[in-house]
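Topology and contacts: notes
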Amino acid sequence: MSFSSFDRRLSLRAASAVALAGALAVFSAAPAAAETRVRARYQLTLAGFEIGAASMQSGVDGSGYDINLSLRMTGLARFITGGRGAATSRGALHDAAVTPAAYALNTRSSDKGQVIRFALAAGAITQISVEPPPKTRDTVPITDADKRGVIDPLSALVMPVAGSGDPLAPSSCDRTLPIFDGRQRFDVTLRYDRFETAKGDPAVKGSYDGKVIVCKASYKAIAGHKPGRRQVTFMENNKDMEVWLAPIAGTRALLPWKISVRTEMGTAVIAATSFVVDGDAKAPGEKSNL
């Protein structure tokens, strides 16, 4: 493939930007203080080409969680965009649900960046800072009601499971995630699709190998978007989005092992190359080789 033409250069820049934004809206990296620790590395690909890498640290105990990520673009995507970023979120666990307390996102590319921070209490946004400010012309207004009963994009990845049975049950997928990312409010609905087997890097000691549950995902724009915009319509009609969830040993929570989303430029995939849980306990109902 030749990248000498200006149009193709712009296409790759756009694709890299989509992948960077998607990854940071999906994962997160910094030390945390929860009892069971997860250390994971992910590879980012778009249309089969490697474009980036991410490292995640997360922790979960009986009452709280944290999830943190660093990401950098690689190869030609790095040359064109210079993309890199970090994000973090923390909160409490109540009744098999997450209750975020704080979220922060910082991204940088060769020509722009953004910083988003907000605090929450009982599922409602109490303080928020977004730089640069959102462009609101022709967008669906974000009301105070849209800022209540929400979770941030990273907290959405921590999926606690109620009950005492196997967390990797089909019903564990069934949920609607009311997400607010600082610029837009949207829902992501998950439903069970199938089981798969995850295979980690054999060179990484303790990397998870075992059953994962695959959930199909659908997207619905609520506020902050431009109605009728091609990208919004594409995502709302997108039938090719799925999340592979792996158990966190010693807890009743799941975290993504892989996320796959069809975009207008090809399928974007964020997949774990290693997924290590630090802890002696086994996930309820799951045999573990950790």
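Here goes a summary of the coordinates provided.

Structural notes on the overall build of the protein
Along its length, the protein carries three helices and 14 strands. Buried residues in the protein amount to 47% of all 290 residues. Accessible surface for the protein amounts to roughly 14,000 Å². Of this, 52% is attributable to carbon and sulfur atoms.

Observations regarding the packing of aromatic side chains
One pass over the structure, following the stated rule, counts five aromatic pairs. Taken together, a centroid distance of 5.0 Å and an interplanar angle of 40° make the contact between Y103 and F118 tilted. Taken as a pair, Y103 in strand β5 (residues 97–108) and F118 in strand β6 (residues 113–121) lie far apart in primary sequence, 15 residues in all. Judged on exposure class, the residue Y103 and its partner F118 are both buried. Pairing F186 with Y219 gives two aromatic rings, centres 5.4 Å apart and planes at 35°, and the pair type is tilted. Here the residue F186 occupies a position in strand β10 (residues 185–198), and Y219 occupies one in strand β11 (residues 210–223), the gap between them amounting to 33 residues. The class of Y219 is buried, set by a relative accessible area of 15%. Taking NZ or CZ as reference, K211 lies 4.8 Å from the ring centre of F195, over its face. The ring of W244 is capped by K258, whose NZ or CZ atom sits 4.4 Å from the centre of that ring.

Examining the state of the cysteines
Considering all chains together, one arrives at one disulfide under this definition. Between C173 and C215 runs a disulfide, and the two sulfur atoms are separated by 2.0 Å. Residues C173 and C215 share a disulfide whose torsion about the S-S bond is about -75°; that sign makes it left-handed. Remark: C215 occurs in strand β11 and C173 occurs in the loop between β8 (159–160) and β9 (175–180); sequence separation between them is 42 residues.

A short note on the pattern of salt bridges
In the structure shown here, the tally under the stated rule is 11 salt bridges. As a salt-bridge pair, K211 and D166 come within 3.7 Å of each other at their nearest N and O atoms. Here K211, found in strand β11, pairs with D166, found in the loop between β8 and β9; they are 45 residues apart in sequence, far enough to count as distant. On the basis of relative accessible area, K211 is assigned to the partly exposed category, the value being 30%. The partner of E242 in a salt bridge is K216, and the shortest N-O contact between them spans 3.7 Å. Residue E242 is located in strand β12 (residues 241–247), and its partner K216 is located in strand β11; the two are separated by 26 residues in the primary sequence. Residue classification places K216 among the buried residues on the basis of a relative accessible area of 17%.

Quick look at the pairing of β12
Burial within β12 is extensive, with seven of its seven residues counted as buried. Here β12 shows no split at all, with M241, V243, L245 and P247 on one side and E242, W244 and A246 on the other all buried. With four bridges joining them, β11 and β12 adopt antiparallel strand pairing. Across the sheet, C215 pairs through a bridge with V243, a residue of β12.

Some details on the pairing of strand β7 (residues 124–131)
Across seven bridges, β6 lies against β7 in antiparallel orientation. When the bridges of β7 are listed, I116 appears paired with V130. Hairpin connection of β6 to β7: two residues between the antiparallel strands, including A122 at a positive phi of 55°.

Describing a positive patch on the surface
Taken together, K112, K135, K226 and R229 make up a surface patch of like positive charges. With respect to the helices, strands and loops of the structure, K226 is situated in the loop between β11 and α3 (230–236).

Observations regarding the nonpolar core
Counting residues in hydrophobic clusters, the biggest one holds 67 residues, and the most contacted among them are Y42, L177, L190, L255, W257 and F275. Sorting elements by how many residues they give to this core places β11 first, with seven residues. Aside from chain neighbours lying at most four places away, what touches L255 is V38, M56, S58, I67, L157, V158, W244, L245, A246, I248 and F275.

Quick notes on the environment of E264
With respect to the secondary-structure elements, E264 resides in the loop between β13 (253–263) and β14 (266–278). You can call E264 partly exposed: its relative accessible area is 41%. Sequence separation between E264 and Q231 is 33 residues, and the spatial gap between their C-alpha atoms is 8.2 Å. Those residues in contact with E264 that sit more than four places away from it in its chain are R230, Q231 and F234. Of note is the side chain of E264, whose polar atom sits 2.8 Å from the side chain of R230.

Definitions and limits used
- For every chain, the first residue of the written sequence is number 1, and numbering continues from 1 onward in sequence order.
- Note on the predicted model: pLDDT of at least 70 is required for a residue's local features to be given, and 80 or more for side-chain atom pairs to be given and counted; whole-chain, interface and lining totals, by contrast, use all residues.
- Calculated side-chain values reflect all of the structure's heavy atoms, with hydrogen atoms and water omitted.
- For the purposes of this entry, the term helix denotes a DSSP run of H or I that reaches at least four residues, the term strand denotes a run of E that reaches at least two, and both are numbered from the N terminus.
- Throughout, exposure labels follow a simple rule: accessible area from a 1.4 Å probe, protein chains only, divided by the maximum for the residue type, with under 20% read as buried, over 50% as exposed, and the rest as partly exposed.
- Per-residue accessibility takes into account occlusion by the displayed protein chains alone, with areas from the Shrake-Rupley method and a 1.4 Å probe.
- In this analysis, rings of Phe, Tyr and Trp, with Trp reduced to its six-membered ring, are considered paired at centre separations within 6.5 Å, and the interplanar angle assigns stacked below 30 degrees, edge-to-face beyond 60, and tilted for intermediate values.
- We call a charge positioned over a ring when the NZ of a Lys or the CZ of an Arg lies within 6 Å of the ring centre and within 35 degrees of the ring normal.
- The rule for a disulfide is simple: a pair of cysteine sulfur atoms within 2.5 Å.
- The salt bridge definition used is simple: a Lys or Arg side-chain nitrogen within 4 Å of an Asp or Glu carboxyl oxygen.
- In this scheme, strands are said to pair when DSSP sees at least two bridges between them.
- Each patch is built from salt-bridge-free residues with over 30% relative accessible area, joining like charges within 9 Å and nonpolar side chains (Val, Leu, Ile, Met, Phe, Trp, Tyr) within 5 Å.
- Positive: Lys, Arg. Negative: Asp, Glu. His and the chain ends are not part of the count.
- Lys charges are placed at NZ, Arg charges at CZ, Asp charges at CG and Glu charges at CD.
- We call a set of buried Ala, Val, Leu, Ile, Met, Phe, Trp, Tyr and Cys residues a nonpolar core when their side-chain atoms join them within 4.5 Å.
- We call two residues in contact when some of their heavy atoms are within 4.5 Å.
- In the analysis that follows, any N or O atom pair within 3.5 Å is treated as a polar contact, provided that within protein one partner can donate a hydrogen and the other can accept it, and provided that, for residues neighboring in sequence, both atoms belong to side chains.

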